[in-house]
Amino acid sequence: MALKVKLVRSVASRPKDQRETVLGLGLKKLNQERILQDTPAIRGMIAKVTHLVAWEVVEGEAPVRPRRQRRAATKEE
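As a starting point, this report considers the structure included with it.

What counts, and where the lines are drawn
Residues numbered from 1 in each chain as written. Predicted model: local features only at pLDDT ≥ 70, side-chain atom pairs only at ≥ 80, totals over all residues. Heavy atoms only, no water. Helix = DSSP H or I, 4+ residues; strand = E, 2+ residues; numbered from the N terminus. Buried < 20%, exposed > 50% of the residue type's maximum accessible area, 1.4 Å probe, protein only. Pairing = 2+ DSSP bridges. Axes fitted to C-alpha atoms, helices over the stretch in contact; angles between N-to-C directions. Patch = residues over 30% accessible without salt bridge, like charges linked within 9 Å, V, L, I, M, F, W, Y side chains within 5 Å. Areas by Shrake-Rupley, 256 points an atom, 1.4 Å probe, with all protein chains shown as cover. Salt bridge = Lys/Arg side-chain N within 4 Å of Asp/Glu carboxyl O.

1. A word on the overall build of the protein chain
Here is step 1: What the protein chain contains, in helices and strands, is two helices and three strands.
Here is step 2: Its helices and strands taken in sequence order, the protein chain reads β-α-β-α-β from the N to the C terminus.
Here is step 3: Taken over the C-alpha atoms alone, the protein chain extends approximately 55 × 35 × 20 Å along its principal axes.
Here is step 4: Counting over 77 residues, the protein chain shows a buried share of 25%.

Below, the structure written as structure tokens:
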């Protein structure tokens, strides 16, 4: 099971913790949608900013995004 979360209200002039929570959900722009795993942590984040987002339960699993690879450090001589 997964959750579809959409940012429907702006985070401008909101407290810092709410802006960071929206960013933690992966939402940066208005009307942007993300499909996230249905976990207690994600549900808690949604509950904190429920007045800024719209969400619904969708069937299936959330897509797994690969982690970014770190660039190899180059030593300049």
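2. Remarks on the sheet that holds strand 2 (residues 33–37)
Hydrogen bonds along the backbone pair up the strands of a sheet, which may run parallel or antiparallel.
Here is step 1: In spatial order, the strands read 2-1-3; together these three strands make up an open sheet with antiparallel pairing. Single-partner strands in this sheet number two, and they are strand 2 and strand 3 (53–58). If you compare each strand with its neighbour and ignore which way they point, the axes differ by 25 degrees on average.
Here is step 2: As defined by bridge partners, strand 1 (residues 2–7) adjoins strand 2 across five bridges and the pair is classed as antiparallel. By the bridge assignment for strand 2, Ala2 is matched with Gln37.

3. Looking at the pairing of strand 1
Here is step 1: As paired strands, strand 1 and strand 3 are joined by six bridges and run antiparallel to one another. Counterpart to Lys6 in the pairing with strand 3 is Ala54.

4. Concerning a nonpolar patch on the surface
Here is step 1: Residues Met1, Trp55 and Val57 make up a contiguous nonpolar surface patch of about 290 Å² in total accessible area.
Here is step 2: Position of Val57 relative to the elements: it lies in strand 3.
Here is step 3: Judged by relative accessible area, Val57 falls into the partly exposed class, the value being 38%.

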